[in-house]
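# Per-entry structural report
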Amino acid sequence: MNHLGTRCLETERLILRKAVESDAPKMFENWTGDAEVTRYLTWNAHGSISDTQGYIHYLMENYSQPDFYQWIIQLKSTGEPIGNIGVVKVSENIRGAHIGYCMGKKWWHQGIMSEAFSKVIEFLFSQVGMNRIEARHDVRNPHSGGVMIKCGLMREGILRQADVNTSGLCDMAVYSILKSDWESTQK
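An unreviewed UniProt entry lists the protein chain under the name GNAT family N-acetyltransferase, with Candidatus Scybalocola faecigallinarum as the source organism.

Here it is in structure tokens:
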């Protein structure tokens, strides 16, 4: 693979970029401090802006790694950070990536996450050389699966009681897209 690290990506409505320290207040306000946003995630809502600042410092420390891919989702219209998307795990042997994402509830159901995820898929397949991209969601959060389907991922099945998130033990729906699947839609 040709690891390139977190590069700035752009869509019609969004800029996907690295986090900066000044993002902390809006990140905390828009998503990291909201328990409803993190309800089905593996991390709890941040209790204070200092928790979000710690997360930003973690990101900034790792941006120098060529196989580290974590983006802030910023609206072009306002310049406001509204969510994040990134590679949770890289599997070198299969040239695969597991993607995770979250976004402030004010922007749910507007096609924004699908727009961001589609751009990440394009980048990982066309520039990095990934062969498989997968994502999962708690079955109690079907809207996340809707994003995956809209981005061309196929549902592979349910892993029963396969994870623990802030809502407890959960069944996980698994989706994937292969580079060949994606390429067939680009013609």
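### Here we look at the overall build of the protein chain
When you go through the protein chain residue by residue, the secondary structure sums to five helices and eight strands. Tracing the protein chain from N to C terminus, the helices and strands come up as β-β-α-α-β-β-β-α-β-α-β-β-α. Computed over C-alpha atoms, the radius of gyration of the protein chain comes to 16 Å, within 12% of the 16 Å expected from 2.2 N^0.38 for 187 residues, which places it in the range of a compact globule. Summarising its shape, the C-alpha atoms of the protein chain cover approximately 45 × 35 × 30 Å along the three principal directions. For the protein chain, the proportion of its 187 residues judged to be buried stands at 47%. Partitioning the contacts of the protein chain with sequence separation of at least 6, the portion at a separation of at least 24 is 64%. Looking at the protein chain as shown, the accessible area adds up to about 9,400 Å², and 48% of this sits on carbon and sulfur atoms.

### Description of the environment of W182
Locating W182 in the fold gives a position in helix α5 (residues 179–185). Given a relative accessible area of 13%, W182 falls into the buried group. Leave out the neighbours within four places in its chain, and W182 touches I121, E122, F125, S126 and I177.

### Description of the nonpolar core
Core analysis: the biggest nonpolar cluster contains 37 residues, and I73, I85, I99, F117, L124 and L153 have the highest contact counts within it. For this core, the element with the highest residue contribution is helix α3 (residues 112–128), accounting for 10 residues. In this structure, I73 is in contact with L14, I15, L16, E80, P81, I82, G83, N84, I85, I112, M113 and A116, ignoring residues within four places of it in sequence. Counting residues in hydrophobic clusters, the runner-up holds 12 residues, among them A24, L59, F68 and C102.

### Thoughts on the pattern of salt bridges
Enumeration over the complete set of coordinates arrives at 11 salt bridges. Measuring nitrogen to oxygen at the nearest pair gives 3.5 Å for the salt bridge that ties E122 to K119. In this pair, E122 and K119 are both assigned in helix α3, three residues apart and thus about one turn of the helix distant. With relative accessibility at 32%, the residue E122 sits in the partly exposed group. The salt bridge involving R132 is made with E156; its shortest N-O contact spans 2.9 Å. Residue R132 is located in strand β6 (residues 132–138), and its partner E156 is located in strand β7 (residues 154–165); the two are separated by 24 residues in the primary sequence.

### Examining the packing of helix α1 (residues 24–32) against helix α2 (residues 49–62)
Between two packed helices, what matters for the description is the angle formed by their axes and the separation of those axes. One way to put it is that α1 packs onto α2 with a least axis distance of 9 Å and a crossing angle of 110°. Between α1 and α2, the interaxial angle falls into the category roughly perpendicular. Residue-level contacts link A24, P25, M27, F28 and T32 of α1 to I49, T52, Q53, Y55 and I56 of α2. The residue makeup of the contact of α1 with α2, split by class, is seven nonpolar, three polar and no charged.

### Describing unusual backbone geometry
With glycine set apart, most residues show a phi of negative sign, and most peptide bonds adopt trans. Phi is positive for R95, close to 55°, though the residue is something other than glycine. Tracing the sequence through the fold places R95 in the loop between β4 (81–91) and β5 (96–103). Overall, the relative accessible area of 37% leaves R95 in the partly exposed class. The backbone phi angle of Q161 is positive, close to 45°, even though this residue is not glycine. Here Q161 shows up in strand β7. Here Q161 falls in the exposed class, since its relative accessible area comes to 57%.

About the thresholds
Residues numbered from 1 in each chain as written. Predicted model: local features only at pLDDT ≥ 70, side-chain atom pairs only at ≥ 80, totals over all residues. Heavy atoms only, no water. Helix = DSSP H or I, 4+ residues; strand = E, 2+ residues; numbered from the N terminus. Rg over C-alpha atoms; globule rule 2.2 N^0.38 Å. Buried < 20%, exposed > 50% of the residue type's maximum accessible area, 1.4 Å probe, protein only. Contact = heavy atoms within 4.5 Å. Areas by Shrake-Rupley, 256 points an atom, 1.4 Å probe, with all protein chains shown as cover. Core = buried A, V, L, I, M, F, W, Y, C linked by side-chain atoms within 4.5 Å. Salt bridge = Lys/Arg side-chain N within 4 Å of Asp/Glu carboxyl O. Axes fitted to C-alpha atoms, helices over the stretch in contact; angles between N-to-C directions. Parallel < 35°, antiparallel > 145°, perpendicular 65-115°, else oblique. Nonpolar A, V, L, I, M, F, W, Y, C, P; charged D, E, K, R; others polar.

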